[in-house]
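# What the coordinates show
In case you want the letters, here they are:
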Amino acid sequence: RGWAKKGNMNVVHYLYILEAELAALNGMNKKAEEKFKAAIASSSRNGFLQDRALAHELASLYFKAQGDDNWGNYQHERARACYEEWGCTEKVKQLSSM
């Protein structure tokens with residue numbers, strides 16, 4: 001958190017992902033959704049394509065667990081597209097088979 005508070009753009013999106021997962025575990029759904037959105041935006045804005053893919057993938061799992069298959073499927077597709085753009089073919093195959 002210290003690095004993120006100092007404005008280190010290399011870690012801010014990781015903090016958002018961790019906060020989203022923690023909020024989800026604690027049943028704080030609105031906060032979890034906000035943090036996933038922040039993680040996706042931050043990693044996108046700062047050029048971390050692989051981390052954006054991860055944030056979309058985790059958001060997909062979260063929304064599907066909440067019963068929101070439409071939003072979960074959208075996040076899943078965005079994750080797949082990001083992994084494909086990054087060149088991670090095995091991950092694309094894995095997500096395509098799910």
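Our structure's up above, just so we're on the same page.
Let me begin by describing the structure that accompanies this report. Note that residues are indexed from 1 along each chain, following the sequence as it is written. Per-residue local features are limited, in this predicted model, to residues with pLDDT of at least 70; the limit for side-chain atom pairs, both in listing and counting, is 80 or more; totals at the level of whole chains, interfaces and linings are taken over all residues. Remark: hydrogens and water are excluded; side-chain values derive from all non-hydrogen atoms of the structure.

Next up on the list: the packing of aromatic side chains. The pairing test for Phe, Tyr and Trp rings, Trp by its six-membered ring, is centres within 6.5 Å, and the orientation test on the planes gives stacked under 30 degrees, edge-to-face over 60, and tilted for anything in between. Inspection of the entire model under this criterion finds 4 aromatic pairs. Here Tyr62 and Phe63 contribute two aromatic rings whose centre-to-centre distance is 5.1 Å and whose plane-to-plane angle is 75 degrees, an arrangement assigned as edge-to-face. Under the relative-accessibility criterion, Tyr62 is labelled buried at 7%. Look at Phe63 and Trp71: their rings are 6.0 Å apart centre to centre, the planes differ by 85 degrees, and that puts the pair in the edge-to-face class. Think of it in three bands: with a 1.4 Å probe and only protein chains considered, a residue is buried below 20% of the maximum accessible area for its type, exposed above 50%, and partly exposed in between. Take Phe63: its relative accessible area is 7%, and that puts it in the buried class. We classify Trp71 as partly exposed; its relative accessible area is 37%. Counting every residue linked through ring pairs, the aromatic cluster contains Phe36, Tyr62, Phe63, Trp71 and Tyr74.

A surface patch of negative charge is lined by Glu33, Glu34, Asp68 and Asp69. Helix and strand definitions here come from DSSP, where helices need a minimum of 4 consecutive H or I residues and strands a minimum of 2 consecutive E residues; each element is numbered from the N-terminal end. Its place among the elements puts Glu33 in helix α3 (residues 29-45). Since its relative accessible area comes to 35%, Glu33 is described here as partly exposed. By definition, no residue in a patch forms a salt bridge, and every one has over 30% relative accessible area; like charges are joined within 9 Å, nonpolar side chains (Val, Leu, Ile, Met, Phe, Trp, Tyr) within 5 Å. Throughout, the Shrake-Rupley method with a 1.4 Å probe supplies accessible areas, and for residues the shown protein chains are the sole cover considered. For salt bridges, the criterion is a side-chain nitrogen of Lys or Arg within 4 Å of an Asp or Glu carboxyl oxygen. The charge count includes Lys and Arg as positive and Asp and Glu as negative, but it does not include His or the ends of the chains. For charged residues, the charge sits on one atom: NZ in Lys, CZ in Arg, CG in Asp, CD in Glu.

Purely geometric stuff here, so don't read any function into it on its own.
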